[in-house]
Each structure stands twice: as structure tokens, then as C-alpha cells.
Amino acid sequence: MTHDNRDVSVVVNPPTTSPPQDVEGSPPIEAPPLRKVGRSYLLWLMIASFGGSLALMVPLSYSLAVRIDDLAPGHEERLGYVTGSAQFVYLVLSPLIGLWSDRTRSRLGRRTPFMIGGALLGTVALVGVALAPSVLLLGLAWVVGMVGWSTAGQAVQNVQADRVPEEQRGRVSALTGVMTQIAPVIGIGLAYGVASSTFLVFLVPGVLGAALVVLFPVFKPEGDSRALVRTGGVTLKSMVASYGFSPRRYPDFGWNWLGRFVFFMGLYFNTTFGTFFYAQRLDVPVKEVAGIVAVIGTIGVVAAAGGAIGGGFLSDKLRRRKLFALIGSAVFVAGAVTEAFAHSLPQLVVGAVLMQFAIAVFSAVDQAIVFAVLPDRAEAGRYLAVVGFAQKIPSAVAPLIAPLVITLGVSDGGEKNYTQLYLIGAVLALVGGLIVKFKIKSVR
């Protein structure tokens, strides 16, 4: 079955699948045929998404903060420097990794080597993070970990662009999105269960995540890619071009990129320092936050699942994507404002649940929009890496800016200004949703 472009109510003018001219001279690649995926394939895709998120997000949302607190007590701003630096390194490498993935000729396919290799690299790096004797060495190990796990996760996403047809994109994005929402919560619960051992706090989620990622291509092989990629050479021009695109030639891709960028800037303002934020507002030690985060996250899982599935399935059924992206950003604002002024557990629960619901709605629907406006599906790895800039740049920049925001106007030893941080995040998230709703033209 070939690419189904009959759904003109969702994609009025689908992008061509011929090689775009801004990468002229790059090796020719054919896009694999789009076929409706069955329940078994979707199940393993969800499991792989869960595994990748488990291994990546547990350190980002909990265990890195614990290690920083052990190595440099009272210097929580160093968490931002460690995570921001790692995100920046992957940001620089990701287009080249995407270009390499698109052009990989192997019996295993184009994406499978990157799933397996990324998971193995990420697992080894987590051991280094757990054993690092200083913040500097921890940061270097986490750079490797970020590259490994992000590469594996991007390979799983590339498979979706390669295989999933338009009529299933909303629901598939929703279900895989639910897995990425659930994984950190379950992972933090696992970490809390082995909290007496710092080594196991990192190793258990990492090993489990790696196993779940690798099982996907084992049970659902990608297939030989040697017929898809007809030549193996990569020119300097194609490498340079892999870092960008022409907004004039692909305006909807450009507007979606910008809206996504602004939304995620707001999101990372409000999530990077979550562990320290809860510790301050509830007046508890940082190490005791894991249980609180797990409880809040468990409650939020239901909201996230409802948001992702509701948004994804309804957007498929109603053939409207942009409206749900705006709804997601508006609900995020409500949650961020609630968190900004929260000083009790019930208030924090309400704010967190609203934010998790909103992130799930926006992410599921915007992911479907991304697949619809890709300039060239045959080069999904390269273009999804560029889309990743819209998330990775905020994840690198926001942790570097946030320490300045939370210390602005605060005297030495005073409480960090998280209220200001969360309100700025709310404004950014709303602006991102408005850009997606009103500037993209080829998707309803």
C-alpha cells in the first residue's frame, strides 16, 4: 500500500515525497510504503517507547538531582548546567545521526542499529553517572548517556514516520505518548524502591529500558534497507544542509517548529527543577521527594493517559489537529499558574495533574502534525532531528536560564523564586499553542 493522501480534510496539500532541493546532491533514498499497523506492532512500538523514556527520564526527573545533592549539597543550579550541557551536545549531533540513520544500508534496516547501539551506550553511561566522584565527571558521563538514550528514542520515532499512515497517526502518537508519560512515574517508583543503593537507582531503570527497546526490533523486525538506500556516500553539502530547512519552501513545517519550540521552552522552565521545587514548597529534604513525586505522578498518569488518548483519537475522528494543540497549551497554563502559587500537597497535585494532561494532549496531536508536514518522508530521520531542535534547544537553554530566573531578586540564602519561573513558563506555552493553531495552513 502506498502513502494514503486521500484525507484532504487533515492534510490539504501533503508534502511531496521526492527529495527536497535544499539537500540536492545527497544520496537518493526511497520512503518505505505506509501500511496500516496492527495491534501487535503497535503494542511493541508502545513498549519500546516506554523503555526509552524510562531510561532517559528517570535521571532527568529524579536521580540526577539526588546525585547532584550528594556531590554538591546546596548547589542545585548545577543540575541545570549538567542537563543543559548534555542536551546541547546531542542537539549538535542529532542531525548528523539522523542523516546517518536515513542512509544506513543493512539487513537489520535503517533504524534498528540505532535503537540497539543507543540503548547499549546509554546503559554503560548510566553506570558512569552512578559512580562518578565529582560533578564534572558526572556531567561528562551524562553527556554520553543523553546521546545514547536520545538516539535510541529518536530511532523509535523515526520508525513511526516510516510506517504509520495518516489515518492512524493521532492514535499511535497518543498511545506511544502515554507510554512516555507513564514511564518516568513507574521508573521513579522503581528508583525509590532501591533508593538505598545509588548504583541501582540508575542501573535498574537503565537495564530495563534497554531491554524493552531492543525487544521491539527482535519481535517486529524492520526489514532490509539495502534496497531503500541506493548509494552510501554523504557529501559535505548534505551534512551542512541536515542542520536546517527552508521555511519559505516549507512554511507549515517552519511554523510548527516555532510553535513547538516556544511551547517546550515553557514546559522545561516548569519541569527542570521539579524535585527542588517540591522540596521547597513542602519543606522536606530533597531525598524524600521521590515518594511525593511518585504519588503525584501516579495520579497524573490517569490524566496524561486521558489527555493523550482523548486528544489523539478525537483528532483522528474529527480530523482536526490544531484545535487540540491549542487546548493542550491552554490547560498547561492553568496547571502552571496553580503550581506557581501552590504551598500544599493538594494544590501541587492539582497543578501537576493539569500540566501532565496538557503535555499529553499537545504532544500527541503535535506529533501527528509533524508527520503530516514533513518535507520529505524518505528523510524522516534528518527532518525529525530538525524537529527535535524545537524540543532539544529549550531543554538545553531553559535549564541554563532558569537558575537566573529563580535567583533574580533573591538574597543569599533566600528561597528561590519558583513563582516567577512557573508564570513565565505558562506564558510561553500559551504562545506556542497559538502559533500552531493560527499559522499552520495545510492541517486542520
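Engineer: Before we move on, could you go through the overall build of the chain and cite the residues and values that matter?
Structural biologist: Across its full length, the chain holds 14 helices and zero strands. The linear arrangement of helices and strands in the chain, starting from the amino end, is α-α-α-α-α-α-α-α-α-α-α-α-α-α. For 444 residues, the compact-globule estimate of 2.2 N^0.38 gives 22 Å, and the C-alpha radius of gyration of the chain, at 21 Å, lies within 12% of that figure. Restricting the contact set of the chain to residue pairs at least 6 apart, pairs at least 24 apart contribute 86%. Summing over all exposed atoms, the chain offers an accessible surface of approximately 17200 Å²; the carbon and sulfur share of this is 67%.

Engineer: Can you lay out unusual backbone geometry for me, pointing to particular residues and giving the numbers?
Structural biologist: We note that D283 has phi near 55°; this positive angle belongs to a residue other than glycine. Relative to the assigned elements, D283 resides in the loop between α9 (274-282) and α10 (289-318). Judged by relative accessible area, D283 falls into the exposed class, the value being 72%. A positive phi angle, close to 55°, is found at R319, a residue other than glycine. Tracing the backbone through its elements, the reader meets R319 in the loop between α10 and α11 (322-340).

Engineer: Got a sec to walk through the nonpolar core? Specific residues and values, please.
Structural biologist: Core analysis: the largest hydrophobic core is formed by 132 residues, its most contacted members being W142, F332 and L374. Sort the elements by how many residues they give to this core and helix α1 (residues 39-71) lands first, with 17 residues. If sequence neighbours within four positions are ignored, W142 has contacts with L56, P59, L60, L64, V82, T83, A86, L126 and V129.

Engineer: Run through the pattern of salt bridges, naming residues and quoting values.
Structural biologist: Pairing between side chains becomes possible if they bear opposite charge and their charged atoms approach one another. Inspection of the entire model under this criterion finds 11 salt bridges. A salt bridge links R111 to D102; its shortest N-O distance comes to 3.0 Å. The exposure classification of R111 matches that of D102, with both residues buried. A salt bridge links R226 to D224, with the nearest nitrogen and oxygen atoms 2.5 Å apart. Residue class for R226 comes out partly exposed when judged on its relative accessible area of 34%. Residue class for D224 comes out partly exposed when judged on its relative accessible area of 39%. Several salt bridges share partner residues, and in doing so they unite E166, R169, R171, D316 and R321 into one network.

Engineer: Run through the packing of aromatic side chains, naming residues and quoting values.
Structural biologist: All chains considered together, the criterion is met by 14 aromatic pairs. Consider the rings of F277 and Y418, whose centres lie 5.5 Å apart with planes at 70°: the pair is edge-to-face. Of the two residues, F277 sits in helix α9 while Y418 sits in helix α14 (residues 418-439), which places them 141 residues apart along the sequence. The ring centre of Y383 lies 4.1 Å from the NZ or CZ of R382, which sits over that ring. Directly above the ring of F438 sits K437, whose terminal nitrogen or CZ lies 4.9 Å from the centroid.

Engineer: Explain the environment of R67 residue by residue, including any values.
Structural biologist: Relative to the assigned elements, R67 resides in helix α1. In this structure, the C-alpha to C-alpha distance between R67 and G84, residues 17 residues apart in sequence, is 16 Å. Side-chain polar atoms of R67 contact the backbone oxygen of V129, separated by 3.3 Å. For R67, the side chain forms a polar contact with the main-chain oxygen of A132, separated by 2.3 Å.

Engineer: Describe helix α4 (residues 135-163), with residues and values.
Structural biologist: Counted at 1.5 Å a residue, the expected span for α4 with its 29 residues is 42 Å, and the 42 Å between its end C-alpha atoms agrees. With 23 of its 29 residues buried, α4 lies for the most part within the structure.

Engineer: Talk me through the packing of α1 against α4; I want residue IDs and the actual numbers.
Structural biologist: Packing of α1 against α4 leaves a shortest axis separation of 10 Å and a crossing angle of 165°. Relative to α4, α1 is oriented roughly antiparallel. As α1 packs across α4, the resulting crossing turns out to be left-handed. On α4, the residues that touch Y41, L45, A48, S49, A55, L56, P59, L60, L64, R67, I68 and L71 of α1 are V135, L138, W142, M146, W149, S150, V156, V159, Q160 and R163. Within the contact of α1 with α4, the residues separate by chemical class into 17 nonpolar, three polar and two charged.

Engineer: I'd love a proper account of a nonpolar patch on the surface, names of residues and values included.
Structural biologist: A contiguous nonpolar surface patch, about 340 Å² in accessible area, is contributed by F88, V92, L93 and Y243. Mapped onto the elements, V92 comes out in helix α2 (residues 77-102).

Engineer: Report on the environment of V331, specifying residues and quantitative values.
Structural biologist: Tracing the backbone through its elements, the reader meets V331 in helix α11. Remark: the alpha-carbon pair of V331 and R260, spanning 71 residues in sequence, is separated by 16 Å. Those residues within four positions of V331 in sequence are excluded, and the remaining contacts are L354, F357 and A358.

Engineer: Which residues make up the confidence of the model for the chain, and what values go with them?
Structural biologist: Should pLDDT be low for a region, the predicted coordinates there are not to be read in detail. A residue-level look at the chain finds 91% of positions with pLDDT of 70 or above and a mean pLDDT of 85. pLDDT under 50 marks residues 1-25. Its contacts with residues more than four places away, or in other chains, come to 53 contacts.

Engineer: Give a detailed account of the side chain of S329, specifying residues and quantitative values.
Structural biologist: Take S329: it is sitting in helix α11. For S329, the contacting residues outside a window of four places in its chain are F263, A429, L430 and G433.

Engineer: Help me get a handle on the packing of helix α3 (residues 112-131) against α4, residues and values and all.
Structural biologist: A pair of packed helices is captured by two measures, namely the crossing angle of their axes and the spacing between those axes. The N-to-C vectors of α3 and α4 enclose an angle of 155°; their axes lie 7 Å apart at closest approach. Relative to α4, the element α3 lies roughly antiparallel. In the packing of α3 onto α4, the handedness of the crossing is left-handed. Taken together, the residues of α4 that come into contact with α3 (itself represented by F114, M115, G118, A119, L121, G122, T123, A125, L126, G128 and V129) are L138, A141, W142, V144, G145, G148, W149, T151, A152, A155, V156 and V159. For the contact of α3 with α4, a count of residues per class yields 16 nonpolar, seven polar and no charged.

Calculation rules
- Residues numbered from 1 in each chain as written.
- Predicted model: local features only at pLDDT ≥ 70, side-chain atom pairs only at ≥ 80, totals over all residues.
- Heavy atoms only, no water.
- Helix = DSSP H or I, 4+ residues; strand = E, 2+ residues; numbered from the N terminus.
- Rg over C-alpha atoms; globule rule 2.2 N^0.38 Å.
- Contact = heavy atoms within 4.5 Å.
- Areas by Shrake-Rupley, 256 points an atom, 1.4 Å probe, with all protein chains shown as cover.
- Buried < 20%, exposed > 50% of the residue type's maximum accessible area, 1.4 Å probe, protein only.
- Core = buried A, V, L, I, M, F, W, Y, C linked by side-chain atoms within 4.5 Å.
- Salt bridge = Lys/Arg side-chain N within 4 Å of Asp/Glu carboxyl O.
- Phe/Tyr/Trp six-rings, centres within 6.5 Å; stacked < 30°, edge-to-face > 60°.
- Lys NZ or Arg CZ within 6 Å of the ring centre and 35° of its normal.
- Polar contact = N/O pair within 3.5 Å; in protein donor to acceptor, adjacent residues only side chain to side chain.
- Expected span 1.5 Å × (residues − 1).
- Axes fitted to C-alpha atoms, helices over the stretch in contact; angles between N-to-C directions.
- Parallel < 35°, antiparallel > 145°, perpendicular 65-115°, else oblique.
- Left-handed = near helix turned anticlockwise from the far one by under 90°.
- Nonpolar A, V, L, I, M, F, W, Y, C, P; charged D, E, K, R; others polar.
- Patch = residues over 30% accessible without salt bridge, like charges linked within 9 Å, V, L, I, M, F, W, Y side chains within 5 Å.
- pLDDT = per-residue confidence, 0-100.

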